[in-house]
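Read off the chains here:
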Amino acid sequence: MAYNHTQIEEKWQKNWMKNHTFKTEEVSDKPKFYALDMFPYPSGQGLHVGHPKGYTSTDVLARFKRATGYNVLHPMGWDAFGLPAEQYALDTGNDPAEFTEKNIQTFKRQLNSLGFSFDWDREINTTDPEYYKWTQWIFTKLFEKGLAYEAEVAVNWCPALGTVLANEEVIDGKSERGSHPVFRVPMKQWMLKITAYADRLIDDLDTIDWPESVKDMQRNWIGRSEGANVTFKIKDTDKEFTVFTTRPDTLFGSTYAVLAPELKLVQEITTPEQEAEVSAYIKEAEKKTDLDRTELSKEKTGVFTGAYAINPANGKEMPIWIADYVLSTYGTGAIMAVPAHDERDYDFAKAFDLEILPVLEGGNIEEAAYTEDGIHINSEFLDGLQKEEAIEKMITWLEEKQVGKKETSYRLRDWLFSRQRYWGEPIPIIHWEDGSMTAVPEEELPLVLPVATDIKPSGTGESPLANMEDWINVVDEKTGMKGRRETNTMPQWAGSSWYYLRFIDPHNQEQLADPEKLKEWLPVDVYLGGAEHAVLHLLYARFWHKFLYDIGVVSTIEPFQTLYNQGMILGEGNEKMSKSKGNVVNPDDVVNEFGADTLRLYEMFMGPLDASVAWSEKGLEGSRKFLDRVWRLFIDENAVLRDRITTHNDGKLTKVYHQTVKKVTEDLEHLRFNTAISQLMIFVNEAYKAEALPVEYMNGFLQLLAPIAPFVSEELWERMGHTESISHVSWPTYDEKELVEDEIEVIFQVNGKLKAKVIVPRDLSKEELEEVAMNHEQIKANIEGKTVRKVIAVPNKLVNIVAN
Ligand code: ANZ
């Protein structure tokens, strides 16, 4: 008999909603636990079966934590600004706000159908003026502190999307969304000085419990390199240039210098004979992306400028070249080439027949650059030293001679923060006619996004807001001065950079959140989401959090203490689910046919949380079968509680019950859902074999199952005679004493050779064990006719009989 999932699930959804069953306690003396999901972008497609994998995991954890005595904050909201809604609106002539609202309703219905225990009283929406008031407020604080500034920068301009994009949003020269081509053009843009936090963003990674892979991605993205800047004079001029190097110890081996083609200095120093060749090369270089230019295997190209630099270490002349393997965007845009010990310099020197001078012992420079450590040679005062010592000594020398200094370079660039789009938070800045600029004062926030009928990007790089004269023009009431509002909007990353703070105090009218509440709830204890956010959202949110720490808003240095990445759910054939492949599974269909409990159980049973696993209809059916089996364990053919469920405990299920409580408790704590479920299955198998089902164990079992399959557990719990929600009873406990195995396998040997493996009662004495061995058929046969010389018995392990 199968249970009626639709009826049961609807019943409990209504009941939980009506009773605010999962409301976070405002005042509580319980310890806190903040379990957070990466909130969704409410797309037009509705929920995907990939969403519930992460959301169920956090939900199981939240339910488990509530039952184990925590006051749990488990909220949900909507990351609803951004390109897709706007693109959809453009394509269909709809208002993005209406479209977004409709999508949110669908998402919410779907999330509720899956039984997630969110505290909906804390729902937030990044497009709600009550919310983005504070996104704008944070921006004005960044502006006041000089961390938000306007700059003319080479931006990633995407004509197809009609906007510029952040470096993080460009992948292999294409937009992250839609894969449209992206070009580098200069434009005036808002930047956020994330580089001011580079060191802290790296160093504080050591204080959080995140997957090493994510930490490494952040470290690499920030790309901190320690080294030195060295200044080179240009022969016969008063000009000079500075290079960044991680290997100042190799200065004696630097035989030529290379400038990035775009450096202004190139034009100033190029000799008339070289001019034509140099300008042709510069034109070519402009067309390439940084990625193409730094490809190691790529053939080296470059042009001699005709000018020479002087090596400050030995006074030698070094020809100055331009080459596209040197980037204008890293270090100083110029390098000292050390072909003997750097691969790219080596290839370049070989290609253009430049001098290769070894300054480290080892390797064979006839064949390749020697990039290992070694004793310095040809380097005067560095001769005989190893790398680390030599670097230090050279830096001291450079600083003494005032031709260089210790320096750290970062790959991280400031965060390009403006978008020329409609559907985002307006940047709260006014440009006055006298050329000054002010932030919109706090009492005038939120600066509401005006309702627009035409949201087409202008194509000139200006936002659609630029067409809204009424909104743009402002007059200062006191001075009568005229001004224009900033027309750019914020990127989608803005609202998601601090939303976890607003969940803590979502209705606060005076402040972003009450400092006392922030203190109570931060940091987020467990944060769960996809690995694709490793360097975008997770880096931006850490940056804003540190800034808010600096201005006294939050009191922890990091926002998310423990991070988990859930694996993907792939199509049945093991490929990505996509509309074009027609292999997308809709959670609504699964809920209708099998029930939400089945979907939850199935997704938690698929494999470890971080593994990517293919969807399987068979697996789904198997999960449903298990729940039907659970149902039948409690409910008989007449739809009433089985009379095998009794207050009488014959002890037959005692051990497996205690084992199950222990295993499930430990596994849920560490998000090992699949193994917890296996143990629940073991219990059910044992229970089917038992004559008596003690009430105590059956109640406990339902509690263990409830975080994973909450609807059916709540229903059976009620049928067991309880009136209080299963979510509000404390977690079952186990007794270590009951766990001890009472039997154990030992081995019997004759003359050291294995003759039998036998199950015996645990902790038999030497004598008892010896007696069992001597009476064992196998042993008796083996020692027949022989004289027993010695018997060695080791309790719980073995008996060895020496006989001849
Ligand atoms: C001399 C040298 C000798 C270097 C040697 C390396 C090895 P990371 O570690 O990635 O920070 N470099 C500096 N600025 C550059 C630019 N704008 N474009 C391309 N290359 C640049 O790399 C630092 C090293 O990369 C620097 O140290 C410099 O080459 C090169 F045996 O200087 B080195």
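For the protein, an unreviewed UniProt entry supplies the name Leucine--tRNA ligase and the organism Vagococcus carniphilus. The Sequence similarities (unreviewed entry) comment attached to the protein in UniProt states, word for word, "Belongs to the class-I aminoacyl-tRNA synthetase family." The heading Catalytic activity (unreviewed entry) in the UniProt record of the protein holds the text "tRNA(Leu) + L-leucine + ATP = L-leucyl-tRNA(Leu) + AMP + diphosphate".

## So, the packing of helix H20 (residues 617-634) against helix H24 (residues 710-719)
Close contact between H20 and H24 brings their axes to 11 Å; oriented N to C, the two are set at 5°. Considered as vectors, H20 and H24 are oriented roughly parallel to each other. Facing Leu627, Val630, Trp631 and Phe634 of H20, the residues of H24 in contact are Val712, Leu716 and Arg719. Across the contact of H20 with H24, the residue classes tally to six nonpolar, no polar and one charged.

## So, unusual backbone geometry
A cis amide bond links Leu445 to the next residue, Pro446, at an omega of 5°. With respect to the secondary-structure elements, Pro446 resides in the loop between strand E19 (437-439) and helix H13 (469-472). The linkage connecting Leu522 with the following residue, Pro523, adopts the cis geometry, with an omega of -5°. Relative to the helices and strands, Pro523 resides in the loop between helix H16 (515-521) and strand E22 (524-529). The backbone of Asp763 shows a phi angle near 65°, a positive value even though the residue is not glycine. When you line up the elements, Asp763 lands in the loop between strand E29 (753-761) and helix H25 (766-774). Note on Asp763: 12 C-beta atoms within 10 Å, which makes it exposed. For Asn796, which is not glycine, the phi dihedral falls at a positive 65°. If you trace the backbone, Asn796 turns up in the loop between strand E30 (788-794) and strand E31 (798-803).

## Section: the sheet that holds strand E1 (residues 32-37)
Strands sit in the order E2-E1-E22-E23 across an open sheet of four strands; the sheet is parallel. The sheet is open, and its two edges are formed by strand E2 (71-73) and strand E23 (560-565), each paired on a single side. Between one strand and the next, the sheet's axes are offset by a mean angle of 20°, whatever the strand orientation. Looking at chain direction, E22 and E23 are connected through five bridges and run parallel. Residue Val526 lies in a different strand from E23, and its bridge partner there is Thr562. Helix-sheet contacts for helix H2 (residues 50-67) involve E1, E2 and E22, and the interaxial angle to E1 is about 170°.

## Digging into the pairing of strand E12 (residues 256-259)
A two-sided burial pattern is seen for E12, the buried positions comprising Tyr256 and Val258 on one face and Ala257 and Leu259 on the other. By the bridge criterion, four bridges tie E12 to strand E15 (residues 334-337) in an arrangement that is antiparallel. Across the sheet, the residue bridging to Leu259 is Ala334, located in E15. In this structure, E12 lies alongside strand E14 (residues 317-322), joined through three bridges in parallel fashion. Of the residues in E14, the one forming a bridge with Leu259 is Ile322.

Definitions and limits used
Residues numbered from 1 in each chain as written. Predicted model: local features only at pLDDT ≥ 70, side-chain atom pairs only at ≥ 80, totals over all residues. UniProt positions renumbered as here; feature names shortened; annotations may be inferred. Axes fitted to C-alpha atoms, helices over the stretch in contact; angles between N-to-C directions. Helix = DSSP H or I, 4+ residues; strand = E, 2+ residues; numbered from the N terminus. Parallel < 35°, antiparallel > 145°, perpendicular 65-115°, else oblique. Contact = placed C-beta atoms within 7 Å. Nonpolar A, V, L, I, M, F, W, Y, C, P; charged D, E, K, R; others polar. Buried ≥ 20, exposed ≤ 12 C-beta atoms within 10 Å, placed from the backbone. Pairing = 2+ DSSP bridges.

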